[in-house]
Amino acid sequence: MGWARGLYSTALFALAPLIWRRVWREHALTDPRRTLRELRLGRIPRTPPGEPMLWLHCASVGEVLAARPLIEALLERYPEHRLTLTTMTATGAERARALAASRGDERLVHRFIPLDFPAAATRFVSRLRPGLALFFETELWPNLLHACRRQGVPVAVVNGRLSPRAFRGYRRLRPLMGEALACVDWLAAKSSDDAQRFRELGMAEARMTVVGSLKFDIAIDDKALEVSECLRTRLGERPVWVAGSTHEGEEAALLVAHARLRERCPDALLVLVPRHPQRFDAVAALCAQAGMPAARRSLDEWPTADTAVYLGDTMGELLALYGAGDLAFVGGSLVPIGGHNLLEPAALGVPVLTGPELANFEEVAETLREADALVEAADEAALAASLAALFADPAERRRLGEAGRAVVAANRGALERTLEGLARLLPPK
């Protein structure tokens, strides 16, 4: 074991009690025994000998959603293989299982990835026996990568990205990151800037290709469109804006913006979709405190003409809810989270609004800016003013929606380039 990985593993052992406590809290409402068995020890069912297996790891909900086109393409191109999709979070697990259920494909299964202890990582890889391991975006776990290398499993990092903030953190651990990246056979970078950051951490240029962002290859299924159409029909002609993937501290600002908007558009409706399901009840209480009690989708409540807020407190319906709006605000951007996927509403032709915190999606934001397809608001007051102006200008709403959809269409192609690179590691049969 290299010295950097040795120190890293020692630190993990020292922090183990805190790690277990955090894992237990997050997974207490799901299946904690199964979760902790897999997360602690990598104790998963063994892949039968001769059964070909692919492995794709995504951190949480956003990554599972972004990886959906890749997941579907892998299942199509490798029909003899099963695909194990791993996540760390409970919400990611729910989204992965929902995806498997919607496809009705028994070849797609979910497992929790083990915490990155050496023995657990080795056990997980040896039991799974994948023919190819794929890590999505910045999921670089040194012991898991080393276990793949030692057991002869080719490794690819897909949609590889490193935000400037993440890069600054990783740069402090450059020896450890250099060891981890030495185990990567191919890295499909999202942009030339991301590729340069990976290069500075030790990734060999010869094993890296800039392919573009898989997020532009977003898949909109017919079911989501049907739900959007049904919602829009039932909501009628009233002005509707959707705030998706919102975070703690952000909903309060959005409710202030909505109150100001309703001074000018009294029948305006806010469809509010918090990022994390464990916060649904707290956000409902926040709406009531603001004098705008919410109709809750999870309870089959429906907004009446007097309802100001419709709470999208269900999982897996964000795209459908975006599609039902006249305007879409993408959350994680009025608080220092770094933003979320601006391309989801854009792909639906819904005008996109955002706050100023866009560190995780700066390149996507710049692409939309260049096409004049993004409305940015510094705070809730600016957001309220932008909403009111756009609701008063249907022609500008149409232009913004068409411009966003065109940006998505013009930048597709990363999926095909990624599949071509993966075929060099594991040719389709």
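Up top you'll find the structure we're talking about.
Each chain has its residues counted from 1, running along the sequence as written. With the structure being a predicted model, the display of local features is reserved for residues of pLDDT at least 70 and the display and counting of side-chain atom pairs for 80 or more, all residues being used for whole-chain, interface and lining totals. Side-chain numbers here rest on the full set of heavy atoms in the structure, without hydrogens or water.

1. Quick word on the overall build of the protein chain
Looking only at helices and strands, the protein chain features 19 helices and 14 strands. Here the globule rule is a power law, 2.2 Å times the number of residues to the power 0.38, and the radius of gyration is based on C-alpha atoms. Here the C-alpha atoms of the protein chain give a radius of gyration of 22 Å, agreeing with the 22 Å that 2.2 N^0.38 yields for 429 residues. The dimensions of the protein chain, computed from C-alpha atoms along their principal axes, are 65 × 45 × 40 Å. Three exposure classes are used, based on accessible area relative to the maximum for each residue type with a 1.4 Å probe and protein chains only: buried under 20%, partly exposed in between, and exposed over 50%. When the 429 residues of the protein chain are sorted by exposure, 56% land in the buried category. Long-range contacts, defined here as pairs at least 24 residues apart, represent 71% of the contacts in the protein chain between residues at least 6 apart. Methods summary: accessible areas were calculated by the Shrake-Rupley approach with a probe of 1.4 Å, and residue burial reflects only the protein chains presented. Carbon and sulfur atoms make up 52% of the accessible area of the protein chain, which totals about 18,100 Å². When charges are counted, neither His nor the chain ends are considered; positive counts come from Lys and Arg and negative counts from Asp and Glu. The atom standing in for a charge is NZ when the residue is Lys, CZ when it is Arg, CG when it is Asp and CD when it is Glu. Charge separation in the protein chain, taken as the distance between the mean sites of 54 positive and 53 negative side-chain charges, equals 8 Å. Note on conventions: DSSP H or I runs of at least 4 residues are helices, E runs of at least 2 residues are strands, and numbering of each starts at the N terminus. Two residues form a contact once any of their heavy atoms are found within 4.5 Å.

2. What about the packing of helix H4 (residues 61-77) against helix H19 (residues 414-425)?
Geometry is summarised by axes, namely lines fitted to C-alpha atoms with helices restricted to the contacting stretch, and by angles between N-to-C directions that run from 0 to 180 degrees. Packing of H4 against H19 leaves a shortest axis separation of 11 Å and a crossing angle of 45°. If you check the angle between H4 and H19, you find them oblique. At the point where H4 passes H19, the crossing takes the right-handed sense. In this structure, H4 uses Pro69, Leu70, Ala73, Leu74 and Arg77 to contact H19, whose residues at the interface are Leu415, Glu416, Thr418, Leu419 and Leu422. Considering only residue class, the contact of H4 with H19 consists of 7 nonpolar, 1 polar and 2 charged. Note that the term roughly parallel is reserved for angles under 35 degrees, roughly antiparallel for angles over 145, roughly perpendicular for angles of 65 to 115, and oblique for everything else. Each helix crossing is assigned a hand: it is left-handed if the near helix lies turned anticlockwise from the far helix by less than a right angle, otherwise right-handed if that turn is clockwise. Throughout, the ten residues Ala, Val, Leu, Ile, Met, Phe, Trp, Tyr, Cys and Pro are labelled nonpolar, Asp, Glu, Lys and Arg are labelled charged, and all others, Gly among them, are labelled polar.

3. What about helix H13 (residues 280-289)?
Looking at H13, one finds that the buried residues are Phe280, Val283, Ala284 and Cys287. In an axial view of H13, the angular spread of the buried residues amounts to 105°, which keeps them on one side of the axis. Every exposed residue of H13 that faces more than 90 degrees away from the buried side is listed here: Asp281 and Gln289. Of the surrounding elements, those touching the buried residues of H13 are helix H12 (250-264), strand E9 (269-274), strand E10 (294-296) and strand E11 (309-311). As used here, the arc is the angular range of directions from the helix axis to the C-beta atoms.

4. Some remarks on the packing of aromatic side chains
Aromatic rings considered in pairs are described by the distance between their centres and by the relative angle of their planes. Here is the rule: rings of Phe, Tyr and Trp (six-membered ring for Trp) pair when centre to centre is within 6.5 Å. Planes less than 30 degrees apart are stacked, more than 60 are edge-to-face, and the remainder are tilted. The tally for this structure, following the rule as stated, stands at 4 aromatic pairs. Taking the centre distance of 5.2 Å and the plane angle of 65° together, the rings of tryptophan 55 and phenylalanine 135 count as edge-to-face. One end of the pair, tryptophan 55, is in strand E1 (residues 53-57); the other, phenylalanine 135, is in strand E4 (residues 132-136), with 80 residues separating them in the sequence. Among the residues examined, tryptophan 55 registers a relative accessible area of 0% and is labelled buried. Pairing tryptophan 302 with tyrosine 310 gives two aromatic rings, centres 5.5 Å apart and planes at 65°, and the pair type is edge-to-face. Aromatic ring contacts, followed pair by pair, group Trp55, Phe124 and Phe135 into a single cluster. In our convention, an over-ring charge means Lys NZ or Arg CZ found within 6 Å of a ring centre and within 35 degrees of that ring's normal. Over the ring of tryptophan 302 we find arginine 234; its NZ or CZ atom is 4.0 Å from the centre of that ring. One residue, arginine 424, lies across the ring of tryptophan 186, its end atom 5.8 Å from the ring centre.

5. Focus on the pattern of salt bridges
The salt bridge criterion pairs a side-chain nitrogen of Lys or Arg with a carboxyl oxygen of Asp or Glu, the two atoms within 4 Å. The tally for this structure, following the rule as stated, stands at 23 salt bridges. The closest approach of N and O atoms between arginine 197 and aspartate 194, which form a salt bridge, is 3.6 Å. With arginine 197 and aspartate 194 both in helix H10 (residues 192-201), this residue pair falls 3 residues apart, about one helical turn. The two residues arginine 197 and aspartate 194 agree in class, both being buried. Across the pair arginine 399 and glutamate 396 runs a salt bridge, and its minimum N-O distance is 3.0 Å. Placement of both arginine 399 and glutamate 396 in helix H18 (residues 394-410) is noted, with a separation of 3 residues, approximately one turn of the helix. Overall, the relative accessible area of 28% leaves arginine 399 in the partly exposed class. Salt bridges sharing common partners tie together Lys190, Asp194, Arg197 and Glu363.

6. Here's the deal with the sheet that holds E9
Strands qualify as paired when DSSP identifies two bridges or more between them. Spatially, 7 strands are ordered E10-E11-E9-E8-E12-E13-E14 in an open sheet, and the strand pairing comes out parallel. Strands with a single pairing partner mark the edges of an open sheet, and in this sheet they are E10 and strand E14 (375-376). In the sheet, strand E8 (residues 240-246) pairs with strand E12 (residues 327-330) via 4 bridges, with the strands oriented parallel. Within E12, the residue paired with tryptophan 241 across the bridge is leucine 327.

7. As for unusual backbone geometry
Glycine aside, residues mostly have negative phi, and peptide bonds are mostly found in the trans state. Backbone geometry places glutamate 137, a non-glycine residue, at a positive phi of 70°. Take glutamate 137: it is sitting in the loop between E4 and helix H7 (142-150). Notably, serine 245 is not glycine yet its phi reads approximately 55°, a positive angle. Considering the arrangement of structural elements, one finds serine 245 in strand E8. Judged by relative accessible area, serine 245 falls into the buried class, the value being 5%.

8. What about the sheet that holds E1?
Spatial ordering of the open sheet is given by E3-E2-E1-E4-E5-E6-E7, a layout of 7 strands whose pairing is parallel. If you trace the sheet from one side to the other, it starts and ends with strand E3 (108-112) and strand E7 (208-210), each paired once. On average, each strand axis in the sheet is inclined to that of its neighbour by 20°, with strand direction left out of account. Of the strand pairs in this sheet, E1 and E4 are connected by 4 bridges, and their pairing is parallel. Opposite leucine 56, over in E4, you have leucine 134 as the bridge partner.

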